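Descriptive structure summary
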Amino acid sequence: MRHTWRWFGPVDKVTVRDAAQAGAEGIVSALHHVPTGTAWTIDEIRRRQDEIKAGGLYWDVVESVPVSEDIKTQTGEWRSHVTNWQETLRRLSACGIRTVCYNFMPVLDWTRTDLRWEARHGAKAMRFDLGDFAAFDIHILKRPDAKADYPEWLVEEAARRFAEMPDEKIGALGRNIGAGLPGSADGYTLDQLLEKLRSYQGIDRTRLQQNLVDFLSEVTPVAEEVGINICAHGDDPPWSLLGLPRILSTEADYAHMLGQVDSRANGVTLCTGSLGARADNDLPFIARRFAERIHFVHLRNVTRDTDTVPCSFFEDEHLEGGTDMVAVIAALLGEEKCRRAEGREDHSIPMRPDHGQEILDDLTRGAQPGYPAIGRLKGLAELRGIERTLLHPQYGLA
């Protein structure tokens, strides 16, 4: 696999040179400052490429070209936003970029209740606490009919927690849950979040699935034409939040998406952390089933408090947690071997050590939550060790 590293641009406190020293071979980045729905310009793309090249690496993967809420709901300016998304693909291809990640999560991107929860040995990790989330939904956001989405015991637990919750934590929950895309300065106030939720009235799971298929039916032919692989990141966490449907949470969800738009250019960002938050997702099996359509990989691990859906979980060390990382990497290396035999140009699958716990000097550096320097370096080293071992001749994956 090709080892990459997410970089949020010049504002990132972890530099491209840091990434190179950590062992990364390429960079995953995006133009976070460009408004969603707007076509990226050649000049802006090349500027980011030059910034990355100055640090000694190259821009391998775009993560992400955001999909607007207008596209997801098929309202407002959605048709012009689709046209701009297509044009962005053309311009990225003209600049030599061949892999574009995106997600189709309604309103919220990845959602955590705590961005720096204290894990073992004093490391800081991101956490999703179901009780805190329910307290936010019912008592802070005050979403109409929110109580109906939770079992009685959780409604009672949420009430107890909120009654004991200091103002500082109430504010932090609002900021953490209402945050926008990673690297973006966007986010929602409580009133804005409620307004966004209202825009999804009448859009159920089936309708959102069809809107995704409609979007892919428009952009996949352009991706094929210009030689780009587009790849959908899964829901994080992989279940409904705030009454909104989520449609890329399970093996069956991905099978539906890939079957409806059956093109190799329409593929998967396999995120072992997102899908791994559900005990019923068999990550090694999913990696094998969709291997031919996996264009990008996020390798991280989570530890679930329970195996129920939904549940609380935290971001564990890369080789801990519920996912068999050795089996997943073996499946991916097996796919790469098949691609080399077929002569595919995309035989080397880009992967990155997704997220990471803050350890050592990370604790005072103040990097983007989930993206510390040393925690990711540690994760990449561990993952690279698994890969190097499996590529030994005795395993037949080289």
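Quick look at the structure, then. (Residues numbered from 1 in each chain as written. Predicted model: local features only at pLDDT ≥ 70, side-chain atom pairs only at ≥ 80, totals over all residues. Heavy atoms only, no water.)

The subject of this paragraph is the overall build of the protein. Of the regular secondary structure elements, the protein holds 15 helices and 12 strands. Whereas a compact globule of 398 residues would reach a radius of gyration of roughly 21 Å, the protein reaches 20 Å, a difference of no more than 12%. Carbon together with sulfur atoms contributes 49% to the accessible area of the protein, which is approximately 16,300 Å² in total. (Helix = DSSP H or I, 4+ residues; strand = E, 2+ residues; numbered from the N terminus. Rg over C-alpha atoms; globule rule 2.2 N^0.38 Å. Areas by Shrake-Rupley, 256 points an atom, 1.4 Å probe, with all protein chains shown as cover.)

A separate point is the environment of Arg90. If you trace the backbone, Arg90 turns up in helix H4 (residues 78-94). Residue Arg90 is classed as partly exposed on the basis of its relative accessible area, which comes to 32%. Separated by 135 residues in sequence, Arg90 and Glu225 have C-alpha atoms that sit 8.8 Å apart. (Buried < 20%, exposed > 50% of the residue type's maximum accessible area, 1.4 Å probe, protein only.)

Our next topic: the packing of aromatic side chains. Under the criterion given, the structure shown has 12 aromatic pairs. Note on Trp117 and Phe314: the rings are 4.8 Å apart at their centroids and 40° apart in plane angle, and the pair reads as tilted. Linking Trp117 in strand S5 (residues 114-118) with Phe314 in strand S11 (residues 313-316), this pair joins segments that are 197 residues apart in sequence. The class for Trp117 is partly exposed, based on a relative accessible area of 26%. What makes Phe314 buried here is its relative accessible area of 9%. An angle of 40° between the planes, with centres 5.4 Å apart, marks the rings of Phe128 and Phe133 as tilted. Classification of Phe128 as buried rests on a relative accessible area of 0%. Assessed through its relative accessible area of 2%, Phe133 is described here as buried. (Phe/Tyr/Trp six-rings, centres within 6.5 Å; stacked < 30°, edge-to-face > 60°.)

The subject of this paragraph is the sheet that holds strand S6 (residues 124-128). Pairing in this open sheet of 4 strands is antiparallel, and the strands run S5-S6-S11-S10 from one edge to the other. Taken across any chain shown, the strands that pair with only one partner, and hence form the sheet edges, are S5 and strand S10 (301-304). Direction aside, the axes of adjacent strands within the sheet are offset by 40° on average. As judged from the 2 bridges shared by S6 and S11, these two strands associate in the antiparallel manner. The residue bridging Arg127 from the neighbouring strand is Phe314, located in S11. (Pairing = 2+ DSSP bridges. Axes fitted to C-alpha atoms, helices over the stretch in contact; angles between N-to-C directions.)

Below, the discussion takes up the pairing of strand S8 (residues 266-271). Among the 6 residues in S8, 6 count as buried, and that is most of the element. Summarising the sheet, strand S7 (residues 229-233) and S8 pair through 4 bridges and their orientation is parallel. The partner of His233 across the bridge, within S8, is Thr269. Read from S7 through helix H10 (residues 251-260) to S8, the crossover connection turns out right-handed. (Right-handed = clockwise from strand over helix to strand, strands pointing away.)

Our next topic: the nonpolar core. If you look at the biggest cluster of nonpolar residues, it comprises 107 residues, and the most contacted ones within it are Trp40, Trp85, Tyr102, Phe215, Ile230 and Leu270. Contacts of Phe215, omitting those with residues within four sequence positions, involve Val67, Ile71, Val82, Trp85, Tyr102 and Phe104. Counting 5 residues, the second-largest nonpolar core is a separate cluster that includes Val28, Val61, Cys101 and Cys231. (Core = buried A, V, L, I, M, F, W, Y, C linked by side-chain atoms within 4.5 Å. Contact = heavy atoms within 4.5 Å.)

Attention now goes to helix H8 (residues 190-198). Buried within H8 are the following residues: Leu193, Leu194 and Leu197. Angular distribution of buried residues about the axis of H8 spans 100°; they occupy a single face of the element. Tucked inside the fold, the buried residues of H8 contact helix H5 (130-140). (Arc of directions from axis to C-beta.)

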